[in-house]
Amino acid sequence: MLKLQGIYKEYQAGDTTVHALKDINIEFRKNEFVSILGPSGCGKTTLLNIIGGLDRYTSGDLSINGKSTKEFKDTDWDSYRNHSIGFVFQNYNLIPHQTVLSNVELALTLSGVSKSERKQRAIDALTKVGLADQIYKKPNQMSGGQMQRVAIARALVNNPEILLADEPTGALDSETSVQIMEILKEIAKEKLIIMVTHNPDLAREYSTRIIRLFDGNVKSDSDPYVVSEFSSKSIEKGKKSHSNEKRAMLQKRSMSMFTALSLSMNNLMTKKTRTFMTAFAGSIGIIGIALILSLSNGIQTYIDNVQKDTLSAYPISIETESVDMTSLMSSIVSNQDKDVTHDLNKVYSNPIMGNMMETMVEEVNTNNLESFKKELDRSDSAITAHASTVQYGYNLDLNIYSSDTSDEVTQLNPSAIFDSVMQSPSFPGMSSMYSSQLQVWEEMLGNQDLLDSQYDVLSGRWPSAYDEVVLMVDENNEISDIMMYALGLKDPEEMEKVMSAAMKGEVYETNADVDFTFDELLSKTFKLILPSDYYKYDETNKIWMDMRENKTYMTDLVDKGVDLKIVGIIRPNEDAVSTSMSGAIGYTSALTDYVINHTNESEIVKQQLSTPEVDVFTGIEFSNGEEKELTMDDVNAYIDTLDEATKEQTKTYISSMPEDQVLDMFKEQITVPTTDATYEGNLETLGIVDIDTPSTINLYASSFNEKEAIADAIQDYNKKMTEEGKEEYVIQYTDIVGLMMSSVSSIVNVISYVLIAFVAISLVVSSIMIGIITYISVLERTKEIGILRSIGASKKDISRVFNAETLIVGFVSGLLGIVITILLNLPVNMIIKSVSGISGVSASLPIAGGVVLILISMFLTLLGGFIPSKIAAKKDPVVALRSE
C-alpha cells in the first residue's frame, strides 16, 4: 500500500545542510497501527510530513499502491492529502472561528461533496467520536480531549486510507490520552494509522508495530512488512485498491468560492471593529465619488428637464418662408471684424444696415413643406425617430363665440373688441404684444408624457375628443383679466370701456376680485363656427352672401354651432422650468383636423375649388390684376336691361353689324364688372387649408442630443434631395436656441470628470491600505493556512480564501459608501435649495452608478490584496502549522 524507498531529506539551516532523514526504507500494510518512536530531532515528524505530502523528500521514492510520486505535481499532492490522508495533530489545529461541524466539513468541501451529504457525514464522524451534541460549539468552548476528538473526526470524515497522528496525546492528561488511543485503536482495524509519539508505553499497549528512529535512520522495526506474506489474492486486491486510489487521486477538486467566502466571513466577524474601520476607510473614496455622481446626476437631471421644458417652448420651427439667421449673423460679424484699409484721421460710414438688408433679401428661403411632411409621415423617418412630437401648423383661426346669445352674439376669438382696442393708435405696440403674447386658444402638443411632466391637472381630465378643451391657470391658480375678457368670463365690452377711459386719462372702476369654482369653469362651453358657415347661397343672383351682419342668421348659426367643453383645469408643475403653452385654452390637433376637414366639405368651398376662375361671392371671374375686355355676353346682358321697345330696336340695329364694331360702340356705355378679390384670397377667407400642406412644422426634441440628431437627419434629407436634383425641396431653418445651449451638458460632464479624478486618488490609497491589512490577516491566519493545506487545499484555494476576504471588505466598503452617500444626499439637497433657491436640483445616486461603484470597490480591494494572497499561497504548510 505505502512504500518508502531510499528516502533522504535535507534542508538548509543557514550555511549548514541538515540531514533529517537518511535512506529510509519502510513498507506499510493496508491496516495496522504503527508507532514511530525516537528522541526529539530524530526525524519522526519530518517522516510523517513526507508520508502525508506536506513536505517533499530530497531523493528516493514514495510509492502509493505501487504508484511512484516522483512526478507528482502540487495538485497531485493536494488531491492525495484530501482523499487518502487524514491528519491528527498534537495541538488539534482547529480553525477557531469555525464551528465544530464546519471544521469537520471542511475537508469534504474540497472533495466536491454536496451540502446535505457533507453535513450528514460530518455529523456521523462526530457521533463516532462521541461529540454528536457539540456540533455547533466553537473550539474555544471545548476541552482539550474534545478538541482532539474533533480533529480525529475531521481526519476520518473523508474516509482516508491513512491516518497520520503527530503526538495526538501530547497535550492531554493520562485519562483523556487513553480515551483517544482507544479511538485510534478501533480505527486501526480498518485503516493504516501511523503515529509519532514520545510515549513508549502507549506505543507498546496500542500499536501493532513499532518503528524506532535515531538520527534520521530506522534503528528497529518490530513487525516489518514482507512482500512474500501477501497471497496472490492479496496482491490482486492491492492492485484493485491501487486502481481505486489512482481514480480518487485524479479527482482534483478545488475549494468553492462559497466556502472561501464562508471562511473569510467567519474570520472577519471575529474582528468586527477592525473590519468595520477598514471598510469605512475604504469607503471614503467611494463616498466622494458617489457624492459627485449624485450631484452630477441631480444637475444633469435638472438640465435634462430644463432642456425638455425649454425645447418644448422652442422647437425646431420650419416655415414656408424663412431667413437664414446664421448667414445674417455672419454678415454682421464680418462687418465688425473686417480689415480697415482707410486712414484713421476721419470718421467713416460702416454699411452694416445696407449689408444686413441685402443679406436678408438674399437669404429668404422657400421651403416645400408638402414634400417635407411626406418625409416625416414615413414610418422609417429618421427625423421623427428622434423627435418627441411633430406639430403641423396651418393658417387657420378658430372662430369661437360665447354660448350665451340671449343678448347678442359675442365673438371671443378672434375678438373684434380686442382688435379695435389693441390696434388703436392711442396704444402703440399693443397690437404686436397682443398677437405674440395673448394667444388665447392654442393647440397642445401631441406628447402626453411631456404634458403630464409640465402640468398638474387640478380638476377634470385631459381632452380626449375634438370638442374638448382644457383651461390653463398660472402657479397661483390665476387667469389674467385680459384672458378672462377674451374667454367671456368677464364682459368684453367692459374692457373697451376701461381702454376708452384710459385714453381720456380717466379710471374706469371694475370688479377686480372675480373668482370661479372648478365646477363653474368645468361647466363652461364655447361655440365653434366654421369660416364657410358665414355665407348663404343666393338662388336669385347665384352668389354666396356674407351673413355676418345679419343678427338673426348669426344667432341661429351660433346656437347650432359645435359645443366646445372645458373638461379639465391644468396648472404648470412647480418643477417645470418652462411650459409648452402660453395661452389660456388648450385644444388637441383633432379640433384642427375637424375644422379643416368640415370646412373643405362645405358647399361654398367645393364650388370655389371646382371653379377657380370665378369669385363665388360675386359670380365674376377673377381679373388677377388684368383689365377685362368687353364681350358680347356683356352687351347682351346690358340690352336685356332695356325696355322692350328699345331692346328690340337695338337688337335689330346691331344684328347686321360686325362683332368688333358692336363692342366698340358699347365700350363707352357699358362698364365691365370686375372684382378685386383673388382666388388665393377667397381660399384664405373661407378657411380652406390643404392638410397635406402645412404653413409651419414644429419638431420638438426631448434633449439637445436629440435635437442635434434631428438636425443631422434634416441635413441627410437635404443631401438626398440635392443628389436627386430636387434643390427646391431642400429645407432651410435656424436653430438659435440650440446654438446657444448645446454646450451646457458638456461643461457639467467635464467638471464631474475632473472632480472624480481627484477623488479617485483616495481609492488608490484605500486599496494600498487594504493590501496592508490583508497581509496582516495572512500573518494572523498562518496556522489556518497550514491546516487547510494539510486537508488538501491547494495554493489556489489558499489564494481564493484571501481574495474572498478582500472581496467581502470591498463589498462592505462599497455598500457602506453608497448608504452613507444616500444619507448625505438629504442635507446636501437642502443646502443646494437653500443656497441656490433652485428646487429642481436633487442630488441622487443612480442605481447603476451605485452598483458600478460597489464593483469598483470590490475590484480595487481585490487588486490591493492580490500580492498578500499570493504570499499566503506560497507559505510552506509545515512551517505554517508550527506557527502560533
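The structure under discussion appears in the preceding block.
Below you will find a few notes about this structure. (Residues numbered from 1 in each chain as written. Predicted model: local features only at pLDDT ≥ 70, side-chain atom pairs only at ≥ 80, totals over all residues. Heavy atoms only, no water.)

The strands that make up a sheet are held in pairs by hydrogen bonds between backbone atoms, and each pair lies either parallel or antiparallel. Read from one edge of the open sheet, 4 strands run S2-S1-S4-S5, paired in antiparallel fashion. With partners counted over all chains shown, the strands left at the sheet margins are strand S2 (16–28) and strand S5 (67–68), one partner each. As defined by bridge partners, strand S1 (residues 2–13) adjoins S2 across 9 bridges and the pair is classed as antiparallel. Pairing of Leu2 across the sheet is with Phe28, part of S2. (Pairing = 2+ DSSP bridges. Helix = DSSP H or I, 4+ residues; strand = E, 2+ residues; numbered from the N terminus.)

What follows is about the side chain of Asn803. Position of Asn803 among the secondary structure elements: in helix H32 (residues 795–836). You can call Asn803 buried: its relative accessible area is 17%. Excluding residues that lie within four positions of it along the chain, Asn803 makes contacts with Leu862, Gly865 and Ser869. (Buried < 20%, exposed > 50% of the residue type's maximum accessible area, 1.4 Å probe, protein only. Contact = heavy atoms within 4.5 Å.)

Within strand S25 (residues 696–700), 4 of the 5 residues are buried, which leaves it mostly tucked inside the rest of the structure. Note that strand S11 (residues 316–319) and S25 share 4 bridges and pair antiparallel. Within the sheet, the bridge partner assigned to Glu319 lies in S25 and is Thr696. Both strand S14 (residues 389–393) and S25 contribute to a ladder of 5 bridges, which runs antiparallel. Looking at S25, one finds that Thr389 is bridged to Tyr700.

Attention now goes to the environment of Asp575. Here Asp575 lies in the loop between strand S23 (562–572) and strand S24 (585–587). Assessed through its relative accessible area of 42%, Asp575 is described here as partly exposed. Once the C-alpha coordinates of Asp575 and Gln454 are considered, the two residues, 121 residues apart in sequence, prove to be 7.9 Å apart.

This part takes up helix H13 (residues 369–377). An α-helix turns once every 3.6 residues. As a result, residues three or four positions apart point the same way. Burial in H13 covers these residues: Leu369, Ser371, Phe372, Lys373, Glu375 and Leu376. For H13, the secondary structure elements touched by its buried residues are S11, helix H14 (382–386), S14, S25 and helix H28 (704–723). Sitting at the amino-terminal end of H13 is Asn368, which places a side-chain oxygen 3.3 Å from the backbone nitrogen of Glu370. (Polar contact = N/O pair within 3.5 Å; in protein donor to acceptor, adjacent residues only side chain to side chain.)

Attention now goes to the nonpolar core. Ranked by size, the top nonpolar core spans 88 residues in total, and within it Leu2, Phe28, Leu184, Ile194 and Leu788 carry the most contacts. Excluding anything up to four places from it in sequence, Phe28 contacts Met1, Leu2, Leu4, Val34, Ile51, Leu192, Ile194, Arg209 and Ile211. Core analysis: the next-biggest nonpolar cluster, separate from the first, contains 51 residues, Ile318, Leu376, Met483 and Ile697 among them. (Core = buried A, V, L, I, M, F, W, Y, C linked by side-chain atoms within 4.5 Å.)

Take the packing of H32 against helix H33 (residues 847–864) next. Helix-helix packing is characterised by the crossing angle of the two axes and by the distance between the axes. Between H32 and H33, the least distance of the axes is 7 Å, while the angle of their chain directions is 145°. As for the relative orientation of H32 and H33, their crossing is right-handed in sense. Contacts between H32 and H33 involve Asn803, Thr806, Leu807, Gly810, Phe811, Ser813, Gly814, Leu815 and Ile818 from the first element and Gly850, Leu853, Ile854, Ser857, Met858, Thr861 and Leu862 from the second. Its residues assigned to classes, the contact of H32 with H33 shows 8 nonpolar, 8 polar and no charged. (Axes fitted to C-alpha atoms, helices over the stretch in contact; angles between N-to-C directions. Left-handed = near helix turned anticlockwise from the far one by under 90°. Nonpolar A, V, L, I, M, F, W, Y, C, P; charged D, E, K, R; others polar.)

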